[in-house]
Amino acid sequence: MIGAAAYVGHRITGDIRYSWEWRSLPQYILRYDAETSGWVPNVLLKGLFMTIRLSLWGTVLATLIGTVMGLCRVSGSLFYRLIGRTYVELVRNIPPLVLIFIFYYFLSGHLMSAFGVDEFMGSLSSEAHYFLEIFFAPPSMFSAFASAVITLAIFEGAYITEIVRAGVESIEKGIWEAAYALGLSRWQQLRHVVLPLATQRILPPLAGQFISTIKDSAIVSVISVQELTFRGMELMSATYLIFEVWITITALYFILTLSLSLAVERIEIYLRRSEA
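Let me begin by describing the structure that accompanies this report. Since the structure is predicted, the reported quantities are computational estimates derived from the model, not experimental observations. (Residues numbered from 1 in each chain as written. Predicted model: local features only at pLDDT ≥ 70, side-chain atom pairs only at ≥ 80, totals over all residues. Heavy atoms only, no water.)

### Considerations on helix H7 (residues 142-169)
Reasoning step 1: For H7, which comprises 28 residues, the first-to-last C-alpha distance of 39 Å matches the rise-based estimate of 40 Å (1.5 Å per residue) to within 8%.
Reasoning step 2: At Gly 157, H7 shows its largest kink, close to 35°.
Reasoning step 3: Counted residue by residue, H7 has 24 buried out of 28 residues, so it is predominantly covered. (Helix = DSSP H or I, 4+ residues; strand = E, 2+ residues; numbered from the N terminus. Expected span 1.5 Å × (residues − 1). Bend = angle between axes of the 7 residues up to and from the residue. Buried < 20%, exposed > 50% of the residue type's maximum accessible area, 1.4 Å probe, protein only.)

Now the structure itself:
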């Protein structure tokens, strides 16, 4: 891989006659703020933080949706099973880009205006604005951020639904029968016996789905959510540091996802030891 990268870099330099400007890039990751007399995040690092916030809230909401729909998928009621199956098949067979545009133009263009969300955001105090910017998005971008989170949650929730379904169905039939013999209802069997056992089997693939959400979050750049990919496109247009910017963005995504992959591996090892 190092040899291939070196060869590509040589061809870019020789054939395209591209002039590398790596020394110009660090200032777009961190910059020195004279007012605070310290280093603060700049364009690329701000985009990385937005990607993390998008992925985190999207995964939280997707987990709620996926858990409910996963339980519908294993319900004894045909009606609930049809709801879960319809949701999974519908979402998994629609391009996520289409979902993004639907929710962005419908949610931001109609619902947010109807409920006066933008006016409410403007009326908040400076402390509330700071809180929103740290944990969510700047108030001016909240509608687009909410649309992106909901779209990611609905799209990733379809895959989490199948993870939950598979986790519940992996529980041995004898455990269900033992819970039934104790006089527990179907809901009590799920709540007190099956779900605690299934959670141990669900957690590793659920953590893997979080990593997938990080990579899928790049698609929300089409609605101007200022995550890492969008920031990279803006920076590339302004500086013409094409290869430097995209190589740096690739490295940031790789570091983030690799760190989470190693953490997931540690979780799997811990769960296997606890089961043993």
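### Let's talk about the layout of surface pockets
Reasoning step 1: Approximately 510 Å³ is the volume attributed to the largest pocket.
Reasoning step 2: Along its surface, the largest pocket is lined by 18 residues, and Lys 46, Phe 49, Arg 53, Glu 133 and Ile 134 are the ones closest to its centre.
Reasoning step 3: For the lining of the largest pocket, the residue count by class is 10 nonpolar, two polar and six charged. (1 Å grid on protein atoms, 1.4 Å probe; cavity = no way out; pocket = protein on both sides within 12 Å on 5 of 7 lines; lining within 4 Å. Points joined across faces, edges and corners; volume = space filled by probe spheres on them. Nonpolar A, V, L, I, M, F, W, Y, C, P; charged D, E, K, R; others polar.)

### Description of the pairing of strand E2 (residues 38-41)
Reasoning step 1: Inspection of the sheet shows strand E1 (residues 30-33) paired to E2 by four bridges, in the antiparallel sense. Bridge pairing links Tyr 32 to Trp 39 in E2.
Reasoning step 2: As consecutive antiparallel partners, E1 and E2 are separated by four residues, and within that stretch Ser 37 has a phi angle of approximately 55°, a positive value. (Pairing = 2+ DSSP bridges.)

### Here's the deal with the packing of helix H8 (residues 173-181) against helix H9 (residues 186-216)
Reasoning step 1: Interhelical geometry of H8 versus H9 gives an angle of 140° and a closest axis separation of 10 Å. When the axis of H8 is compared with that of H9, the two are oblique. When you trace H8 past H9, the crossing you get is right-handed. For the pair H8 and H9, the contacting residues are Ile 175, Trp 176, Ala 179 and Tyr 180 in the first and Arg 186, Gln 189, Leu 190, Val 193, Val 194 and Leu 197 in the second.
Reasoning step 2: Of the residues in the contact of H8 with H9, the class split is eight nonpolar, one polar and one charged. (Axes fitted to C-alpha atoms, helices over the stretch in contact; angles between N-to-C directions. Parallel < 35°, antiparallel > 145°, perpendicular 65-115°, else oblique. Left-handed = near helix turned anticlockwise from the far one by under 90°. Contact = heavy atoms within 4.5 Å.)

### Description of the pattern of salt bridges
Reasoning step 1: Per the stated rule, a full pass over the model turns up six salt bridges.
Reasoning step 2: Of the charged contacts, one joins Glu 162 and Arg 73 as a salt bridge, the two residues approaching to 3.1 Å between their closest N and O atoms. With a gap of 89 residues between them, Glu 162 in helix H7 and Arg 73 in helix H2 (residues 43-73) connect regions that are remote in the sequence. Both residues of the pair, Glu 162 and Arg 73, belong to the buried class.
Reasoning step 3: A salt bridge links Arg 165 to Glu 169; the nearest nitrogen and oxygen atoms lie 2.7 Å apart. Of this pair, Arg 165 and Glu 169 both sit in helix H7, four residues apart, roughly one helical turn.
Reasoning step 4: Through salt bridges with shared partners, one network takes in Arg 73, Glu 162, Arg 165 and Glu 169. (Salt bridge = Lys/Arg side-chain N within 4 Å of Asp/Glu carboxyl O.)

### Re the environment of Phe 142
Reasoning step 1: Counting through the fold element by element, Phe 142 comes out in helix H7.
Reasoning step 2: The buried category is assigned to Phe 142, whose relative accessible area is 17%.
Reasoning step 3: Along the sequence, Phe 142 and Leu 132 sit 10 residues apart, while their C-alpha atoms lie 8.6 Å from each other.
Reasoning step 4: With residues up to four places along the chain from it excluded, the contact list for Phe 142 reads Val 117, Met 121, Leu 132 and Phe 136.

### What about unusual backbone geometry?
Reasoning step 1: One non-glycine residue, Tyr 240, lies in the positive phi region at around 60°.
Reasoning step 2: Here Tyr 240 lies in the loop between helix H10 (228-239) and helix H11 (242-275).

### Points about the side chain of Thr 161
Reasoning step 1: The topology assignment puts Thr 161 in helix H7.
Reasoning step 2: Look past the residues within four positions of Thr 161 in its chain and what remains in contact with it is Ile 65, Gly 66, Met 69, Gly 70, Arg 73, Tyr 87 and Val 88.

### Some thoughts on the environment of Arg 231
Reasoning step 1: Along the chain, the position of Arg 231 falls in helix H10.
Reasoning step 2: Spatially, the C-alpha atom of Arg 231 lies 25 Å from that of Gly 122, the residues being 109 residues apart in sequence.
Reasoning step 3: Contacts of Arg 231, omitting those with residues within four sequence positions, involve Val 43, Lys 46, Gly 47 and Gln 226.
Reasoning step 4: Within the structure, the side chain of Arg 231 is placed 3.1 Å from the side chain of Gln 226, a separation counted as a polar contact. (Polar contact = N/O pair within 3.5 Å; in protein donor to acceptor, adjacent residues only side chain to side chain.)

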